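So the chains spell out like this:
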Amino acid sequence: MKKTFYISIGLLVLVFIFLAAYNFAFRNNINDPVADPEKKLISQGADVKTTPIITDIQNFINEDILGAAVSEDGTLYYYSLDEQALKKASLEGKDKTVLLNNLPGSPLRVIWSPKKDRVLLFLKQNSGQSLWHSADIPTKTLVPLKTEMSRLAWDDIGDKIFYQYTDQKSGERSLNVANADGSGWKKLVFLYRDSFIAPIPRSASVSFWGKPNALEKTYFETVSPTGENRRVLFSEKFGADYLWSPSGEKVLISTSEEKGGQNVILNVMNESGGEFQNLSVPTFISKTVWSKDSKTVFYALPGALPESALLPNDYFDKPLHTKDTFWKVDTETGKKTRLADLQEVTQNFDSTDLFLSQEEDALFFTDRVTHRLYRIDF
């Protein structure tokens, strides 16, 4: 009897040891489908090519930066947090030049015009107030904009700005257009909620949608520059965020998989809101960039987010950071290709503000934690 009892106790101890080893070795393993989105893609039968096409991830500027962007001639533009100045440099990090400094505050947002000759700056001033300013680089002039202006975006040419105007007394919101310095403004349409704004490429029209919220469906709408022909293109998904392709013929959409969900997924549709296609890519719009031909999307695939996170809300509203790997997907075939072998990703990256070199032979991104700019050469 005692022998049987001791044998049972021994087996029970072995079971506990096995369960502990399982939890340590598998639940926290990057190959687990929950911990690693890459494994999830493969387990779902996605068309994945895992052969890497790059060999290195480089930090080449050696400055903390904000708002990095590239011009058509291949010049890098950014705000240096170290030198507190707007600067430009080559894509190799050489020939650095200060464009504008002695700003009346510290930038929280930096939005370059398409030609990079103007820039919108959301400055936190010494008084603690934050205010948008419009800077003209050739003339080195800086103009403060109205306190009621928010959600600013350049038009497709870069001569005018779209923005949300909020009446301080009534709380009423509207979508407006104005010259770069805020003059000559015109109200286009009323807004029903706090809205993101983006110009439609190769068009004078503008699109807008409610701030992504996993508990609400967003209405993706467009309107002409005269305020006419307002129409809803898409409204069926929770937490949706959007990114136009360079051709203006496709729209990338990140959506919550369900109301109050813990996952986001990329989809694509045409410019009229039709031909909706699930790309089976679990990432955010802020971690994507289109190729010039509007066929391929380069993206960072986030890992290490808590299973209980409400997405996309918690990622942007709480101090959550991801561990990204780097991929591209062909939006026409669905084929996915890893850009870097896991052994080459030797540190954690929480990527944002992705853009490509003019020849599309390098991908650039800023790490949200360190504010450092990195490049991946293909």
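Everything quoted here is computed from the prediction, not taken from an experiment.

Draft legend 1. Layout of the overall build of the chain. Along its length, the chain carries 3 helices and 28 strands. Taking all 378 residues of the chain together, 49% fall into the buried category. When the accessible surface of the chain is split by element, carbon and sulfur atoms take 50% of a total near 18800 Å².

Draft legend 2. Local environment of the confidence of the model for the chain. Scored by pLDDT, the chain has a mean of 88; 84% of the residues are at 70 or more. This model gives residues 17-35 a pLDDT under 50, and the stretch forms 18 contacts once residues within four places in sequence are excluded.

Draft legend 3. A look at the sheet that holds strand S12 (residues 173-179). Sheet architecture is open: 4 strands sit in the order S10-S11-S12-S13, paired in antiparallel fashion. The open sheet is flanked by strand S10 (149-154) and strand S13 (186-191), the only strands paired with a single partner. On average, each strand axis in the sheet is inclined to that of its neighbour by 25°, with strand direction left out of account. Sheet topology note: the S12/S13 ladder contains 5 bridges and is antiparallel. Directly across from Asn176, in S13, lies its bridge partner Lys187.

Draft legend 4. Region of interest: the environment of Asp82. Residue position: Asp82 is located in the loop between strand S3 (75-80) and strand S4 (85-90). Look at Asp82 and you get partly exposed, because its relative accessible area is 46%. A sequence separation of 18 residues divides Asp82 from Asp64, and the C-alpha atoms of the two residues are 6.0 Å apart. The residues touching Asp82, leaving out its near neighbours within four places in the chain, are Asn62, Glu63 and Asp64.

Draft legend 5. Representation of the pairing of strand S6 (residues 106-112). Bridge count for S6 against strand S7 (residues 118-124) is 6 bridges, and the pairing is antiparallel. Residue pairing across strands places Trp112 opposite Val119, the latter belonging to S7.

Draft legend 6. Quick look at unusual backbone geometry. For the bond from Leu311 to Pro312, the omega torsion is 15°, close enough to zero to count as cis. In this structure, Asn229 takes a positive phi of about 60° despite not being glycine. In this model, Ser280 sits at a positive phi of 55°, which is unusual for a non-glycine residue. With respect to the helices and strands, Ser280 occurs in strand S21 (residues 277-281).

Draft legend 7. Seen up close, the sheet that holds strand S16 (residues 220-223). Within the open sheet, the 4 strands sit side by side as S14-S15-S16-S17. Their pairing is antiparallel. Each of the sheet's edge strands pairs with one partner strand only, and the pair in question is strand S14 (195-199) and strand S17 (231-234). Neighbour-to-neighbour, the strand axes of the sheet open up by a mean angle of 30°, direction not taken into account. Taken together, the 3 bridges between strand S15 (residues 206-210) and S16 define a ladder with antiparallel strand orientation. The partner of Ser207 across the bridge, within S16, is Thr222.

Draft legend 8. Representation of the environment of Glu359 in the model. Examined against the element boundaries, Glu359 turns out to sit in the loop between strand S26 (351-356) and strand S27 (362-367). Assessed through its relative accessible area of 62%, Glu359 is described here as exposed. Each C-alpha atom, one on Glu359 and one on Lys292, is 9.4 Å from the other, the two residues being 67 residues apart in sequence.

Draft legend 9. How the structure looks around the packing of aromatic side chains. Taken as a whole, this structure holds 20 aromatic pairs when the rule is applied. Plain terms: the ring middles of Phe234 and Tyr242 are 6.5 Å apart, the flat faces sit at 75° to each other, and that makes the pair edge-to-face. Relative accessible area serves as the criterion here: at 8%, Phe234 is assigned to the buried category. Plain terms: the ring middles of Phe365 and Tyr374 are 5.5 Å apart, the flat faces sit at 15° to each other, and that makes the pair stacked. As far as the burial class goes, Phe365 and Tyr374 line up, both buried. Three or more aromatic residues link up through ring pairs in this structure, and these residues are Phe196, Trp209, Phe220, Phe234, Tyr242, Trp244 and Phe276. Above the face of the Phe60 ring, Arg375 is positioned so that its terminal group lies 5.7 Å from the ring centre.

Draft legend 10. Representation of the pattern of salt bridges. In this structure the tally under the stated criterion is 14 salt bridges. Asp136 serves as the salt-bridge partner of Arg118, at 3.8 Å between the closest nitrogen and oxygen. Within this pair, whereas Arg118 is found in strand S7, its partner Asp136 is found in strand S8 (residues 130-136), the two being separated by 18 residues in sequence. Judged by relative accessible area, Arg118 falls into the partly exposed class, the value being 21%.

Draft legend 11. Structural context of the nonpolar core. If you look at the biggest cluster of nonpolar residues, it comprises 15 residues, and the most contacted ones within it are Leu86, Val110, Trp112, Val119 and Leu121. When contributions to this core are tallied by element, the ones reaching two or more residues are strand S2 (57-70), S3, strand S5 (97-101), S6 and S7. Broken down by element, this core gets its largest block of residues, 3 residues, from S7.

What counts and how
Residues numbered from 1 in each chain as written. Predicted model: local features only at pLDDT ≥ 70, side-chain atom pairs only at ≥ 80, totals over all residues. Heavy atoms only, no water. Helix = DSSP H or I, 4+ residues; strand = E, 2+ residues; numbered from the N terminus. Buried < 20%, exposed > 50% of the residue type's maximum accessible area, 1.4 Å probe, protein only. Areas by Shrake-Rupley, 256 points an atom, 1.4 Å probe, with all protein chains shown as cover. pLDDT = per-residue confidence, 0-100. Contact = heavy atoms within 4.5 Å. Pairing = 2+ DSSP bridges. Axes fitted to C-alpha atoms, helices over the stretch in contact; angles between N-to-C directions. Phe/Tyr/Trp six-rings, centres within 6.5 Å; stacked < 30°, edge-to-face > 60°. Lys NZ or Arg CZ within 6 Å of the ring centre and 35° of its normal. Salt bridge = Lys/Arg side-chain N within 4 Å of Asp/Glu carboxyl O. Core = buried A, V, L, I, M, F, W, Y, C linked by side-chain atoms within 4.5 Å.

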